[in-house]
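One-letter residues, chain by chain:
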Amino acid sequence: MFYLLIGIVLLVAVLTLARQFVHANPAALARQLRTFAGVFMIALAGFFAVTGRFAFALPAFGLGVMLLRQHVFSGLSGGYKPQKSSGQRSRVRTAMVEMELDHDSGAMTGTILAGGFQGRGLDELNEQELEAFWREAGQDEQSQKLVEAYLDRRLAGWREHFQTDGTERQGSSPGAGPMTDEEAYQILGLTPEAGDAEIRAAHRRLMMRVHPDQGGSGFLAAKINEAKDTLLRRH
């Protein structure tokens, strides 16, 4: 009778798992297997206890509890991981260009705000047009540095190809003055509700993307540091 009961339970389990296998992903299937195995072992322990086989009941019960605990903790483990919202983007704006940095991929995109290429995206420009805009952006030092950060990521060796003619820095404007809170939040990709911990976390995450030691931009790194200092002083 005992072996017949075991066979029936196993047959039902196999049929159930076979029916769900087509639509279940591997992680979900593994959780279901652990749950079934845990319940089965506890039921088996009860059977052993009722029939007086306590030497088998205790190990079976312990194994069942362990399997169920693994299932519960694996389902809850996601709650203990630091949450980072996907799709976060930082925005840096100067007189001639607005640049966005994707926190997840590190990809940079830019929109031209003034000059002969106004309204176009930097991704739309070919190499000759990028060189022309880079020279035009020399009217504003902040804008040209931001364009250079973009070029560093898109065109390897552009500094050797874009030969300077001694005029690109003429008439460059001075710094834009102290950074506002709004600019700082945009640069870090945060909202005004962000606390100190979120500010520091966003700063660390972005610095890993743009730090000069990692082949990034010194201009962007300086902007990110300034944004963090600006917001932490306010807080």
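Look above for the structure.
A brief structural summary. These numbers were taken from a predicted model, which means no experiment stands behind them.

A few words on empty space enclosed by the protein. What the rule picks out here adds up to one cavity of 30 Å³ or more. In this structure, the largest cavity spans a volume of roughly 70 Å³. Contributing to the lining of the largest cavity are Ser-90, Val-92, Met-99, Glu-100, Leu-101, Met-108, Ile-187, Leu-206, Leu-220 and Ile-224. When contributions to the lining of the largest cavity are tallied by element, the ones reaching two or more residues are strand S1 (89-93), strand S2 (97-102) and helix H9 (218-234).

Inspection of every chain in the model, using the stated rule, returns four aromatic pairs. With centroids separated by 5.8 Å and ring planes inclined at 45 degrees, the aromatic side chains of Trp-134 and Phe-162 adopt a geometry described as tilted. Note that Trp-134 is positioned in helix H4 (residues 127-136) and Phe-162 in the loop between helix H6 (158-161) and helix H7 (181-188), a separation of 28 residues in sequence. Comparing Trp-134 with Phe-162, the two get one shared label, buried. For the pair Trp-158 and Phe-162, a centre-to-centre distance of 5.6 Å together with 65 degrees between the ring planes defines the contact as edge-to-face. Across the pair, exposure class does not vary: Trp-158 and Phe-162 are buried alike. An aromatic cluster of at least three residues, connected via ring pairs, comprises Trp-134, Trp-158 and Phe-162.

What follows concerns the sheet that holds S1. One open sheet holds the three strands; their spatial order is S1-S2-S3, and the pairing between them is antiparallel. With partners counted over all chains shown, the strands left at the sheet margins are S1 and strand S3 (108-112), one partner each. Strand-to-strand twist of the sheet, defined as the mean angle between neighbouring strand axes without regard to direction, takes the value 20 degrees. As paired elements, S2 and S3 share five bridges and run antiparallel to each other. Residue pairing across strands places Glu-98 opposite Thr-111, the latter belonging to S3. Along the sheet, helix H5 (residues 141-154) contacts S1, S2 and S3; its crossing angle with S2, the most-contacted strand, is approximately 40 degrees.

Definitions and cut-offs
- Residues numbered from 1 in each chain as written.
- Predicted model: local features only at pLDDT ≥ 70, side-chain atom pairs only at ≥ 80, totals over all residues.
- Heavy atoms only, no water.
- 1 Å grid on protein atoms, 1.4 Å probe; cavity = no way out; pocket = protein on both sides within 12 Å on 5 of 7 lines; lining within 4 Å.
- Points joined across faces, edges and corners; volume = space filled by probe spheres on them.
- Helix = DSSP H or I, 4+ residues; strand = E, 2+ residues; numbered from the N terminus.
- Phe/Tyr/Trp six-rings, centres within 6.5 Å; stacked < 30°, edge-to-face > 60°.
- Buried < 20%, exposed > 50% of the residue type's maximum accessible area, 1.4 Å probe, protein only.
- Pairing = 2+ DSSP bridges.
- Axes fitted to C-alpha atoms, helices over the stretch in contact; angles between N-to-C directions.
- Contact = heavy atoms within 4.5 Å.

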